[in-house]
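Below, each chain spelled out in residue letters.
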Amino acid sequence: MTIASRPLEETINPVASMSPSAAVLFAAALFAAALCAATPVAADYRYPYTDPYQATVYGTPPDQIYRPANPVEPKLRAIRIEGRKVPDIFSYSADMYYSTALQKGEAPLIFLIAGTGAEHNAIKMGFLTQVFHDAGFHVVALSSPTHMNFVISASRHGAPGYVPHDVDDLYRVMLWIKEVVEAERPVSGYSVAGYSLGALHAAFLAHRDSETGDFGFRKVLMINPPVSLYHSVKRLDSWLTAENLGEVTVREQIESLITRFSHYYRDADITDLDDNFLYEMVTRVNMDDVDLRSLIGVDFRLSASSMIFASDVCLQAGYVVPPDEYPLTKGKPLMDYAEAVFDISFENYMDEFLLPYLQYLDPSMDRYTMMRQSSLYDIRSYLMETDKIMLIGNTDDVILNDNDLAFIRSVFGDRAKLYPTGGHCGNMMYAPFVEAMLAMVKP
């Protein structure tokens, strides 16, 4: 493992006390510009799922996944920030991990940014690494700033979810990695891509770089981005409420799904626990739209829970762990904290933790400003003026609404390619989708 160390003056200040702020209804102004047509979809697009929730959960059938011609084994690397204080319970995560897949000679380099709570070597990230390396890029894969390891090892403020701060952290880390890669291989230019929240981050990274010029990104690819982080996560949170579940509690719903998966596993004729088996299990267990939405919501809640717990412990904010129980040490039972943090929605975290912390740093901060600065609306003018940013996604994406789609069409025009089906990242491995994605960023 390669360790690249850089000194960094820490600026994290513990918050002595945090009280919930009053909830404020956010009314977004409707975007009134005339709609521009996105790039038309090829007639041979035959993604198998027309239900967006099925697409999001089931993904792409194994026999329709894009297969790179020359698979590569990514290299695990790490950065340790000298002098950074890491809680004892997280000492195993003092290094910030990332991975690379480099060409043998000179090549363009593309940074890949993971989605919410995802690690650099998550399944989607591993797939994208293979795809772009096969296309001739040096590849650097980075965890989301909302992943526990990034929060613990690299976040300057320790309270993820506010896009400007998260992008600052990403940009700083990318500059360090740039030095490492350039010392090993010649680089002919830089690009950046991300999926889901990572796609939102990619756009803000491009905006940041347009002001500093450190990378001079040639291409920026946004894959299934949210338009507003908070509008999208509020929708995801709603799928773990009575609005979706009725009288069934979240824990009862999870237990029901686990029971059904267990019965399938017990009765199935298993020869290998590979992608085909997992795909068959997910698609053959009887799930309706309520089940599918709650499964998506649980996946997001688990990611958010890890992020919130890591942030609370690093800042010793007393949000989840009572102040008199610090410091947490290795071997400390964590189940009570895990159960407590799972019940915290992202909106709760935003109102009760993140916003008060941002106001601690800047008393002029308010909820509307925080939300707008974590949306594409905040850089709309830049997105309309640049021709380097491309967007690929789906009109049935479950994290978007009609206003979001109108924004994408009007701002990106023919730089956006929107498929009619695929849900949220469900068709990201589908061969026609990948081929279109590669065409957008070809060197």
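Residues numbered from 1 in each chain as written. Predicted model: local features only at pLDDT ≥ 70, side-chain atom pairs only at ≥ 80, totals over all residues. Heavy atoms only, no water.

Trainee: Pulling in residues and values, what's your account of the side chain of Ser155?
Mentor: Within the secondary structure, Ser155 is located in the loop between helix H3 (148-153) and helix H4 (163-184). Note on Ser155: relative accessible area 4%, which makes it buried. Among the polar contacts made by the side chain of Ser155, one reaches the main-chain amide nitrogen of Gly158 at a distance of 2.8 Å. Within the structure, Ser155 has its side chain in polar contact with the side chain of Asp169 (distance 3.4 Å). (Helix = DSSP H or I, 4+ residues; strand = E, 2+ residues; numbered from the N terminus. Buried < 20%, exposed > 50% of the residue type's maximum accessible area, 1.4 Å probe, protein only. Polar contact = N/O pair within 3.5 Å; in protein donor to acceptor, adjacent residues only side chain to side chain.)

Trainee: Please give an account of the packing of aromatic side chains that cites residues and values.
Mentor: Following the criterion strictly, the structure yields 23 aromatic pairs and no others. Where Tyr171 meets Phe215, the ring centres are 5.4 Å apart and the plane angle is 85 degrees; that geometry is what we call edge-to-face. Within this pair, whereas Tyr171 is found in helix H4, its partner Phe215 is found in the loop between helix H5 (197-212) and strand E7 (219-223), the two being separated by 44 residues in sequence. Assigned by exposure class, Tyr171 and Phe215 land together as buried. Among the aromatic side chains, those forming a connected cluster through ring pairs are Tyr45, Tyr47, Tyr49, Tyr58, Tyr419, Tyr430 and Phe433. Taking the ring centre of Tyr53 as reference, the NZ or CZ of Arg293 above it sits at 5.3 Å. The ring of Phe342 has Arg301 lying over it, and the distance from NZ or CZ to the ring centre is 5.8 Å. (Phe/Tyr/Trp six-rings, centres within 6.5 Å; stacked < 30°, edge-to-face > 60°. Lys NZ or Arg CZ within 6 Å of the ring centre and 35° of its normal.)

Trainee: Can you tell me about helix H6 (residues 229-238), naming the residues and giving the values?
Mentor: With 7 of its 10 residues buried, H6 lies for the most part within the structure. Looking at H6, one finds that the buried residues are Leu229, Tyr230, Ser232, Val233, Leu236, Asp237 and Ser238. If you follow the buried residues of H6, they end up packed against H4, H5, helix H7 (242-245), helix H10 (289-315), helix H12 (346-361) and helix H13 (367-372). (Contact = heavy atoms within 4.5 Å.)

Trainee: I'd like a description of the packing of H4 against H5, backed by residues and values.
Mentor: Between H4 and H5, whose axes approach to 10 Å, the crossing angle comes to 65 degrees. Classified by the angle their axes make, H4 and H5 are roughly perpendicular. Considering how the two elements wind past one another, H4 and H5 form a crossing that is right-handed. Note on element contacts: H5 touches H4 through Leu200, His201, Phe204, Leu205, Arg208, Asp209 and Thr212, opposite Val163, Asp166, Val167, Asp168, Leu170, Tyr171 and Met174. When the residues that make up the contact of H4 with H5 are grouped by side-chain class, the tally is 8 nonpolar, 2 polar and 4 charged. (Axes fitted to C-alpha atoms, helices over the stretch in contact; angles between N-to-C directions. Parallel < 35°, antiparallel > 145°, perpendicular 65-115°, else oblique. Left-handed = near helix turned anticlockwise from the far one by under 90°. Nonpolar A, V, L, I, M, F, W, Y, C, P; charged D, E, K, R; others polar.)

Trainee: Give me the lowdown on the pattern of salt bridges, citing residues and values where you can.
Mentor: Tallied over the entire structure, the rule returns 10 salt bridges. The salt bridge involving Arg208 is made with Asp168; its shortest N-O contact spans 2.7 Å. Within this pair, whereas Arg208 is found in helix H5, its partner Asp168 is found in helix H4, the two being separated by 40 residues in sequence. The exposure class of Asp168 is partly exposed, given its relative accessible area of 35%. With a shortest N-O distance of 3.3 Å, Arg251 and Asp343 are connected by a salt bridge. Placement of the pair is Arg251 in helix H8 (residues 250-267) and Asp343 in the loop between helix H11 (335-342) and H12, with a sequence separation of 92 residues. A cluster of three or more residues bridged by salt bridges with shared partners is formed by Lys234, Glu347, Asp351 and Arg367. (Salt bridge = Lys/Arg side-chain N within 4 Å of Asp/Glu carboxyl O.)

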